Amino acid sequence: MRKFKIFMDDAKEEQWINDMASQGWHFKSFNFPLYSFDKGEPAEYEYRTEMLEGFGYGKAANEYLDFVQSTGIEVVQKRFNWVYFRQHKSKGNFELYSDQSSKLSYVNRIFTIYSTLAVLNLIAAIINGSVLLLDESLRFNSFIAGLNTGVFIALLYPLAKTVYRKQNLKREIAMYEK
């Protein structure tokens, strides 16, 4: 089965994939914007998603993926630096991060992507809008400026949610340090 979905929240994507698995639809692959699932036993697997450091390539990324797989966790799909993992539920609770500092590092990677994309789209909107002010015959620039502005505005919500997650994790870390 294929499902059309677009997520801008990694936690919601992970929850949705796990909800599908609880209904017997096991994640197979993601090719934007289509998710593919195979029919299987309900609640057989638990899924986790992760954004690797850098672009997900190189020795450190490969060593990390080898380590995770050596623990019995399966890599379902790796696309650039985004990885989909699964583990059979019979093996118990499945968490990729055992401490708050590791979770914070992961959320910081998510924050970096959202903030970089937001800033780049804001800059592009300003540049395209400025070009339009200089030469009104360049109508295409107004479309691009509007598109960049729309993407910037759309990124504000997941960016704000990520900031909120960062603040909560920092509070938890500070509470344990006392």
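Let me sum up the structure you'll find in this document.

Calculation rules
- Residues numbered from 1 in each chain as written.
- Predicted model: local features only at pLDDT ≥ 70, side-chain atom pairs only at ≥ 80, totals over all residues.
- Heavy atoms only, no water.
- Pairing = 2+ DSSP bridges.
- Helix = DSSP H or I, 4+ residues; strand = E, 2+ residues; numbered from the N terminus.
- Axes fitted to C-alpha atoms, helices over the stretch in contact; angles between N-to-C directions.
- Expected span 1.5 Å × (residues − 1).
- Bend = angle between axes of the 7 residues up to and from the residue.
- Contact = heavy atoms within 4.5 Å.
- Salt bridge = Lys/Arg side-chain N within 4 Å of Asp/Glu carboxyl O.
- Buried < 20%, exposed > 50% of the residue type's maximum accessible area, 1.4 Å probe, protein only.

### Some words on the sheet that holds strand β6 (residues 82-88)
Part 1 of the argument: The sheet built from 3 strands is open, its strands ordered β4-β6-β5 with antiparallel pairing. Strands at the two margins of the open sheet, each flanked by one partner only, are β4 (45-51) and β5 (74-79). Direction aside, neighbouring strands of the sheet carry axes that sit 20° apart on average.
Part 2 of the argument: Judged from the 7 bridges that link them, β4 and β6 form a sheet pairing that is antiparallel. By the bridge assignment for β6, Tyr 47 is matched with Arg 86.

### Side note on helix α4 (residues 139-177)
Part 1 of the argument: Taking 1.5 Å per residue, 39 residues should reach 57 Å; α4 reaches 56 Å between its end C-alpha atoms and fits that length.
Part 2 of the argument: Where α4 bends most, at Leu 156, the angle is about 30°, and the proline Pro 158 comes one to four residues later.
Part 3 of the argument: Those residues of α4 that are buried lie in contact with α3 (100-134).

### So, the pattern of salt bridges
For side chains bearing opposite charge, pairing can occur when the charged atoms are close.
Part 1 of the argument: One pass over the full model with this rule turns up 10 salt bridges.
Part 2 of the argument: One salt bridge in this structure joins Glu 46 and Arg 48, with 2.6 Å as the shortest N-O distance. Both residues of the pair, Glu 46 and Arg 48, count as buried.

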